[in-house]
Amino acid sequence: MISGAQIKAARGLLAVTSREFAETAGISWATIKRFELCAGIPQSRAGTLERVKSALESAGIEFIGDPIASPGVRLRRDRAR
């Protein structure tokens, strides 16, 4: 799983707005904002958080660390701008 902090940080690395990312992930903008404001792992309906994670990974994000204790993200070298 991933944390709200990781989602927000990943978007920052990709330089996309929450609205742009929501459209890419096929999820509502309000859901993305709710996830990003959540401390820890956001509660979600079946598959929603996984769709967010998959969309970010497809864009070149790697999730590192523990999502609660030491959440982190990095942009794969082959995707860096």
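Residues numbered from 1 in each chain as written. Predicted model: local features only at pLDDT ≥ 70, side-chain atom pairs only at ≥ 80, totals over all residues. Heavy atoms only, no water.

### Remarks on the overall build of the protein
From N to C terminus, the protein includes 4 helices and 2 strands. Listed by position from the N terminus, the elements making up the protein come as α-α-α-α-β-β. The C-alpha radius of gyration of the protein comes to 11 Å, within 12% of the 12 Å expected for a compact globule of 81 residues. Dimensions of the protein along its principal axes, counting C-alpha atoms only, are 30 × 30 × 20 Å. Within the protein, the proportion of its 81 residues that are buried is 37%. Taking the intrachain contacts of the protein between residues at least 6 apart in sequence as the baseline, contacts between residues at least 24 apart amount to 54%. (Helix = DSSP H or I, 4+ residues; strand = E, 2+ residues; numbered from the N terminus. Rg over C-alpha atoms; globule rule 2.2 N^0.38 Å. Buried < 20%, exposed > 50% of the residue type's maximum accessible area, 1.4 Å probe, protein only. Contact = heavy atoms within 4.5 Å.)

### A short note on the packing of helix α3 (residues 29-37) against helix α4 (residues 48-58)
Interaxial distance between α3 and α4 falls to 12 Å at its minimum, and their mutual angle equals 90 degrees. Between α3 and α4, the angle is such that the two are roughly perpendicular. Mapping the contact onto sequence places T31, I32 and F35 in α3 and T48, L49 and V52 in α4. Here the residues of the contact of α3 with α4 sort into 4 nonpolar, 2 polar and no charged. (Axes fitted to C-alpha atoms, helices over the stretch in contact; angles between N-to-C directions. Parallel < 35°, antiparallel > 145°, perpendicular 65-115°, else oblique. Nonpolar A, V, L, I, M, F, W, Y, C, P; charged D, E, K, R; others polar.)

### Looking at the confidence of the model for the protein
Looking at the protein as a whole, the pLDDT averages 94, with 96% of positions reaching at least 70. When the elements of the protein are averaged for pLDDT, helix α2 (residues 18-25) gives the smallest value, 96, and strand β1 (residues 61-64) the largest, 98. (pLDDT = per-residue confidence, 0-100.)

### Describing the packing of aromatic side chains
All told, the structure shown has 0 aromatic pairs when counted by the stated rule. The ring of W29 is capped by R19, whose NZ or CZ atom sits 4.1 Å from the centre of that ring. (Phe/Tyr/Trp six-rings, centres within 6.5 Å; stacked < 30°, edge-to-face > 60°. Lys NZ or Arg CZ within 6 Å of the ring centre and 35° of its normal.)

### Considering the pairing of β1
Of the two faces of β1, the one holding I61 and F63 is buried and the one holding E62 and I64 is not buried anywhere. Note that β1 and strand β2 (residues 72-75) share 4 bridges and pair antiparallel. Residue pairing for β2: F63 is matched across the bridge by V73. (Pairing = 2+ DSSP bridges.)

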